[in-house]
Structures are given as structure tokens and as C-alpha cells.
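Residues per chain are reported as follows:
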Amino acid sequence: MQISPVVAQLQTVPELTGRVEIAGSVRQILTELNSGKGPRWAWVISPGDDAGNNTLSAGGIRQRVTDRYGVVLGCYDVSDRRGEAALLKVEALGQAVEPKLLGFIPAPGYAELTYRSGQMVGGTDGWVLWLHLWQSNHYITK
């Protein structure tokens, strides 16, 4: 999995320049939010990968791997206790991120990133966190 190129690509979103990090989990992100980050932030996580069946090729064994990239977008707004204001901000941030990632190739030998799904994964103290799942394929060989 190639996470660093995805982080670098997200840094090209003007609203996120200098505000993109790698995180091990959503729990780690929630802990970091208490340290005063904000008002917009993004974290890239690795929710896993899936492997296809092995196939024999002229050079040996070949297997397709689908890597999943999680992009957690966080927006902060305490002006609305119900979280609507932060949710609208995270939605707008997602619209800025999508064209930067759709079709992006994370490394040689990888397919273009495609959008897979999204969902709210939490919020705390004025923060709303939204997870966008992206995926790319590559092959491993022996």
C-alpha cells in the first residue's frame, strides 16, 4: 500500500495544505482532536486490502490486490450544537477532495483511485468526522 503519495496529493487541496496526516485508527484521530487541531483536517488511514485468486502466468504466480485508503475528513464548528454546521463544512471539504483523488495513481503499477463509499464515523466537542473510502488495484508476482 502506498499511503504517502495519497497524503501528498491531499496536500494540494488548498483547504488542507499542511493539515494532512497519517493515522493508525479513527480512535487515534479522536484523541488528537483534543489537542486543539482545527478547524479543518484530514487523516489517511489504511483500512485494509483484499486479495484475488492466484493465477499462473508465464513468469510464475500473479495475484491482484485491492488496497483500500480511508480519508477521514474532520471539520470543527461549535456554533451549532446539533452539528449541522460542521456537517455542511465536511461535505464541502469532501467536494474539494474528490477531484484530487479520483483517477489519481498512487504509485507505478497501481490502477487509478476510485471512490468506494463514505460514512460519518464520529464527532466530539464540535467536530464531525467523515470517512471516504477509496481503492486502487495492483498485482504482486512471484
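Criteria and thresholds
- Residue indices begin from 1 for each chain and proceed along its sequence in written order.
- The predicted origin of the model limits local features to residues at a pLDDT of at least 70 and limits the giving and counting of side-chain atom pairs to 80 or more, whereas totals for whole chains, interfaces and linings rest on all residues.
- Heavy atoms throughout the structure, all of them, feed into the side-chain values; hydrogens and water do not.
- Helix and strand definitions here come from DSSP, where helices need a minimum of 4 consecutive H or I residues and strands a minimum of 2 consecutive E residues; each element is numbered from the N-terminal end.
- Under the rule applied, a polar contact is a pair of N or O atoms within 3.5 Å (in protein, one hydrogen donor and one hydrogen acceptor; residues adjacent in sequence only if both atoms are side-chain atoms).
- Between two residues, a contact is recorded if the distance between any of their heavy atoms is within 4.5 Å.
- The buried label applies to any residue whose accessible area, calculated with a 1.4 Å probe on protein chains only, is under 20% of its type's maximum; exposed applies above 50%, and partly exposed to all values in between.
- Two aromatic rings from Phe, Tyr or Trp, using only the six-membered ring of Trp, form a pair when their centres are within 6.5 Å; if the ring planes differ by under 30 degrees the pair is stacked, by over 60 it is edge-to-face, and anything between is tilted.
- The rule for a charge over a ring is simple: NZ of Lys or CZ of Arg within 6 Å of the ring centre, and within 35 degrees of the ring normal.

Remarks on the side chain of glutamine 9
One can find glutamine 9 in helix α1 (residues 4-10). A distance of 2.7 Å separates a polar atom in the side chain of glutamine 9 from the backbone oxygen of lysine 100. If sequence neighbours within four positions are ignored, glutamine 9 has contacts with Lys100, Leu101 and Phe104.

Regarding the environment of phenylalanine 104
As for its position among the elements, phenylalanine 104 is in the loop between α3 (84-101) and β4 (114-124). As a C-alpha pair, phenylalanine 104 and valine 13 span 91 residues in sequence and 13 Å in three-dimensional space. Apart from the residues lying within four places of it in its own chain, the contact partners of phenylalanine 104 are Pro5, Val6, Gln9, Ala111, Glu112 and Leu113.

Quick word on the environment of valine 20
One can find valine 20 in strand β1 (residues 20-22). Residue class for valine 20 comes out buried when judged on its relative accessible area of 9%. The sequence separation of valine 20 and valine 71 amounts to 51 residues, and the corresponding C-alpha distance is 9.6 Å.

Remarks on the packing of aromatic side chains
Taken as a whole and judged by the stated rule, the model has two aromatic pairs. Ring centres 6.4 Å apart and planes at 40° place the aromatic pair tryptophan 41 and tryptophan 43 in the tilted group. Take tryptophan 43: its relative accessible area is 0%, and that puts it in the buried class. Aromatic pair tyrosine 115 and tryptophan 134: ring centres 5.3 Å apart, planes at 75°, arrangement edge-to-face. Placement of the pair is tyrosine 115 in strand β4 and tryptophan 134 in strand β5 (residues 127-141), with a sequence separation of 19 residues. Look at tyrosine 115 and you get partly exposed, because its relative accessible area is 38%. We classify tryptophan 134 as buried; its relative accessible area is 2%. Its end group placed over the ring of tyrosine 139, arginine 62 keeps NZ or CZ at 3.7 Å from the ring centre.

Purely spatial values, then, with no claim about function.
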